[in-house]
Amino acid sequence: MKTKIDISTLSLLFLLMLTGCSRLSLNTSVINANYEAVDQLLLNSNLSKKNLFIVTTIVDINQIESSSPLGRTISEQLTTRFVQNGVKLVELKMRDNIYMKNETGELMLSRKVGELADEIKADAVVVGTYSDSYEVVYISLRIVNPKTNVIISTLDYELEKDSNIKTLLGQSIGRSVF
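Here goes a summary of the coordinates provided. (Residues numbered from 1 in each chain as written. Predicted model: local features only at pLDDT ≥ 70, side-chain atom pairs only at ≥ 80, totals over all residues. Heavy atoms only, no water.)

**Observations concerning the pattern of salt bridges**
1) Next: Within the structure shown, the criterion is met by 2 salt bridges.
2) Next: Arg81 is the partner of Asp39 in a salt bridge, and the nearest nitrogen-oxygen pair spans 2.9 Å. Highlighted residues: Asp39 in helix 2 (residues 29-43) and Arg81 in helix 3 (residues 69-84), separated in sequence by 42 residues.
3) Next: A relative accessible area of 21% places Arg81 in the partly exposed class.
4) Next: Note that Lys161 and Asp132 form a salt bridge whose closest N and O atoms lie 2.6 Å from each other. Separated by 29 residues along the polypeptide, Lys161 in the loop between strand 6 (151-160) and helix 5 (163-168) and Asp132 in strand 4 (residues 124-132) bring together distant segments of the chain.
5) Next: Take Lys161: its relative accessible area is 12%, and that puts it in the buried class.
6) Next: On the accessibility criterion, Asp132 (32% relative accessible area) is partly exposed. (Salt bridge = Lys/Arg side-chain N within 4 Å of Asp/Glu carboxyl O. Helix = DSSP H or I, 4+ residues; strand = E, 2+ residues; numbered from the N terminus. Buried < 20%, exposed > 50% of the residue type's maximum accessible area, 1.4 Å probe, protein only.)

See the structure below:
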């Protein structure tokens, strides 16, 4: 006895197999928002792919010397997108002369940014802040000339404060971890 399987059943099984095997999801709003931010920063600047960039940790606007997993995640995603766009970037985590603050990433004192940028001959430094509000997190990014402190490009955007963002900010979301 032969069993017939229609094409829609096969298609559904195939899709279920594909989604079960894939853990990579590039279609999230946070990643897309951060990627679009980089695209806009570059579009609004007069910099070329030949310029050397540094990306610093995005910091809490109310505590400028601290960040969070959210700030570090945004910085990592910005770095990814700059490199995908062909921009030359220096990886700060590989250097031992940057200002590291415990559990906050590669935060840099303003005087150190200029010194480091001069040492590695960086043409631009990407800096930014985030501001936590009730429903959204506001992000402000700037590309700055490290020699003159002149802002080359700037952009503001917001991220909806869903459970993932709350977790990255270290806020309780009413779930037990046990």
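**Considerations on helix 2**
1) Next: In this model helix 2 runs 21 Å from its N-terminal to its C-terminal C-alpha over 15 residues, within 8% of the 21 Å that 1.5 Å per residue would give.
2) Next: Of the positions making up helix 2, those classed as buried are Val30, Ile31, Ala33, Asn34, Tyr35, Ala37, Val38, Leu41 and Leu42.
3) Next: On its buried face, helix 2 is in contact with strand 1 (52-55), helix 3, strand 5 (136-144), strand 6 and helix 5. (Expected span 1.5 Å × (residues − 1). Contact = heavy atoms within 4.5 Å.)

**Brief notes about the nonpolar core**
1) Next: Residues Phe53, Phe82, Tyr157 and Leu159 are the most contacted members of the largest nonpolar core, which totals 27 residues.
2) Next: Secondary-structure elements contributing two or more residues to this core are helix 2, strand 1, helix 3, strand 4, strand 5 and strand 6.
3) Next: No other element matches the 6 residues that helix 2 contributes to this core.
4) Next: The residues contacting Phe82, other than those within four sequence positions of it, are Val38, Leu42, Phe53, Val55, Val87, Leu89, Val126 and Ile143.
5) Next: Ranked by size, the runner-up nonpolar core spans 9 residues in total, among them Leu52, Val90, Ile120 and Ala122. (Core = buried A, V, L, I, M, F, W, Y, C linked by side-chain atoms within 4.5 Å.)

Any link to function would need more than the numbers given here.
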